[in-house]
Amino acid sequence: GTGGKLLISIYKGSSSMSFESLDVLPLNEWTHIAIKLNYNFVGWLYLNGEFQKYGPLKTPGDTIRTKNYIGKSNWNNDGYADVIIDEFRIYNYAKEDEEIMADFRKEVDNPAADTSLITYYNFNSGEGTNIIDHSQFANNGTAYGYPAWYRVKGPELFLPFNQNNIRPQISF
């Protein structure tokens, strides 16, 4: 949509459950988003390490997909997310509040050694269309659309250091 709120939705078969963030996400400002899911059909949304809202979500089925997207939905009529993505992680368990806060503002030190980390894209390659998964599973991705890599200074507003990573403006 175009309302600026984050929609979290999981489809299973032909039905879905979803919920929306309480507030519009800020524009032109780095925002940490974490979503956790348990098997009781509940999802939690965290913004900048702080719990914001929970809502109903279906538990995804055991499906092998040939295409998964970050910044795009599976429906052709939906637009791409107009965002710059710095990191993307998937864990094999629902993290506790304290763990989500501890991960806020922090890259994973040794992603290949973290057995609970299923996918970890840090988007620091800086060129080409290959997106490297630094987890032990090495599920590398490919950037589609109009991928461009920009050197962007990290926001001193949120980080206690001056970060200078290469981050993609990218759609999968």
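The paragraphs below set out a description of the structure included in this document. (Residues numbered from 1 in each chain as written. Predicted model: local features only at pLDDT ≥ 70, side-chain atom pairs only at ≥ 80, totals over all residues. Heavy atoms only, no water.)

Within a sheet, each strand pairs with its neighbour through backbone hydrogen bonds, oriented either parallel or antiparallel. Taken in spatial order, the three strands make up an open sheet running S3-S4-S5, and their pairing is antiparallel. A single partner strand is all that each edge strand has here, and the edge strands are strand S3 (33–37) and strand S5 (50–56). Averaged over all neighbouring strand pairs, the angle between strand axes comes to 20°, with direction disregarded. One ladder, built from six bridges, connects strand S4 (residues 42–47) with S5; its direction is antiparallel. Across the sheet, residue glycine 43 finds its bridge partner in S5, namely glycine 55. (Pairing = 2+ DSSP bridges. Helix = DSSP H or I, 4+ residues; strand = E, 2+ residues; numbered from the N terminus. Axes fitted to C-alpha atoms, helices over the stretch in contact; angles between N-to-C directions.)

With that out of the way, let us pick up the pattern of salt bridges. According to the stated counting rule, one finds four salt bridges in the structure shown. Across the salt bridge formed by glutamate 87 and arginine 89, the nearest N and O atoms sit 2.9 Å from each other. Assessed through its relative accessible area of 23%, glutamate 87 is described here as partly exposed. Close ionic contact of arginine 89 with aspartate 103 constitutes a salt bridge, the shortest N to O distance being 3.5 Å. Within this pair, whereas arginine 89 is found in strand S6 (residues 88–91), its partner aspartate 103 is found in helix H1 (residues 97–103), the two being separated by 14 residues in sequence. Overall, the relative accessible area of 17% leaves aspartate 103 in the buried class. Connected via shared salt-bridge partners are Glu87, Arg89, Lys95 and Asp103. (Salt bridge = Lys/Arg side-chain N within 4 Å of Asp/Glu carboxyl O. Buried < 20%, exposed > 50% of the residue type's maximum accessible area, 1.4 Å probe, protein only.)

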